[in-house]
Amino acid sequence: MKAADGPATPLSMKPVARAFFARQVVEVARDLLGCLLVHETADGRTAGMIVEAEAYASDDPASHAYRGRTERNAPMFEDPGFAYVYFTYGMHYCLNAVTDRPGHASAVLIRAVQPLEGIELMRARRGAVKDRDLARGPGRLTQAFGIAGEQNRSDLTMLPLMICPGERLPLRAVLATPRIGLGSLQDGRTWRFVIAESPWVSGARATKDSRRS
DNA sequence: CAGAAGATCATCT
DNA sequence: GATGATCTTCTGT
């Protein structure tokens, strides 16, 4: 007999309202912590709780949208609540949630989730790694969720994200990376990384050069 | 058209 | 901590 893979209690599948994404990018990034990322493919459904994210405002020099619209970053200029998926380093896909208003070109990179459902499927996709490493990191996450590989990238890019409310996670840190680029913020401070208090985050970044908020 | 860099990861020392 | 893998996208000529 096959062991069921999901959690004992079914996940709430009611997605957040579109208005959730139509706000300043760092606020969205912060509020995404604790939310559930759900993705379904022919192989099954995977879900996890977002524990680490990264905000990219349009005036951040490190943002793909910093130098204006291109073919690749076009989804960033479109409607909030959709995905912007891009391919990088010749082998990795990264998943973003488009935020703010159309034309503002900001997005949140989803950097790590705590696996909750479809864990066997994630293991199959990721190979022999510790469960802690199944979806810790933007490239690993897309691989575990089946967003990488043979998936049609352009289709994926225009799909609505399935983000559902989860639990409230305490904030561990908000990190700035001023030498790479500036997150644009209301009070002039520079933010970008948004990290929850959770064992599923990437430890090195979570402790280095952090500013509490 | 060529060249460089890249929102990364696995592996090595 | 350093390095190689691997290829798309963007920029400049």
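Bear in mind that the values here come from a model prediction, so they are computed numbers and not experimental data.

**Q** Any details on the packing of aromatic side chains? Residues and values, ideally.
**A** This structure, assessed with the given rule, holds 3 aromatic pairs. Relative to Tyr86, the ring of Tyr84 has its centre 5.6 Å away and its plane inclined at 35°; by these criteria the two rings are tilted. A residue is classified by how much of its surface remains accessible, and Tyr84, at 1% relative accessible area, is buried. Where Phe87 meets Tyr93, the ring centres are 4.9 Å apart and the plane angle is 55°; that geometry is what we call tilted. Taking relative accessible area as the criterion, Tyr93 reaches 11% and is therefore assigned buried. The ring of Phe20 carries the charged tip of Arg23 above its face, separated from the ring centre by 5.0 Å.

**Q** Give me the lowdown on the protein's contact with DNA strand B, citing residues and values where you can.
**A** Lining the immediate environment of DNA strand B, one finds 16 residues, of which His64, Tyr86, Asn96, Gly139 and Arg140 sit closest. The separation between a sugar or linking oxygen of DNA strand B and a polar side-chain atom of Tyr56 is 3.1 Å. One of the backbone N or O atoms of Gly139 is found 2.7 Å from a phosphate oxygen in DNA strand B. Looking at the surface near DNA strand B, the elements with two or more residues in it are strand E4 (92-99), strand E5 (106-117) and helix H3 (138-144).

Rules used in this analysis
- Residues numbered from 1 in each chain as written.
- Chains lettered and ligands numbered in written order.
- Predicted model: local features only at pLDDT ≥ 70, side-chain atom pairs only at ≥ 80, totals over all residues.
- Heavy atoms only, no water.
- Phe/Tyr/Trp six-rings, centres within 6.5 Å; stacked < 30°, edge-to-face > 60°.
- Buried < 20%, exposed > 50% of the residue type's maximum accessible area, 1.4 Å probe, protein only.
- Lys NZ or Arg CZ within 6 Å of the ring centre and 35° of its normal.
- Near = heavy atom within 4 Å.
- Polar contact = N/O pair within 3.5 Å; in protein donor to acceptor, adjacent residues only side chain to side chain.
- Helix = DSSP H or I, 4+ residues; strand = E, 2+ residues; numbered from the N terminus.

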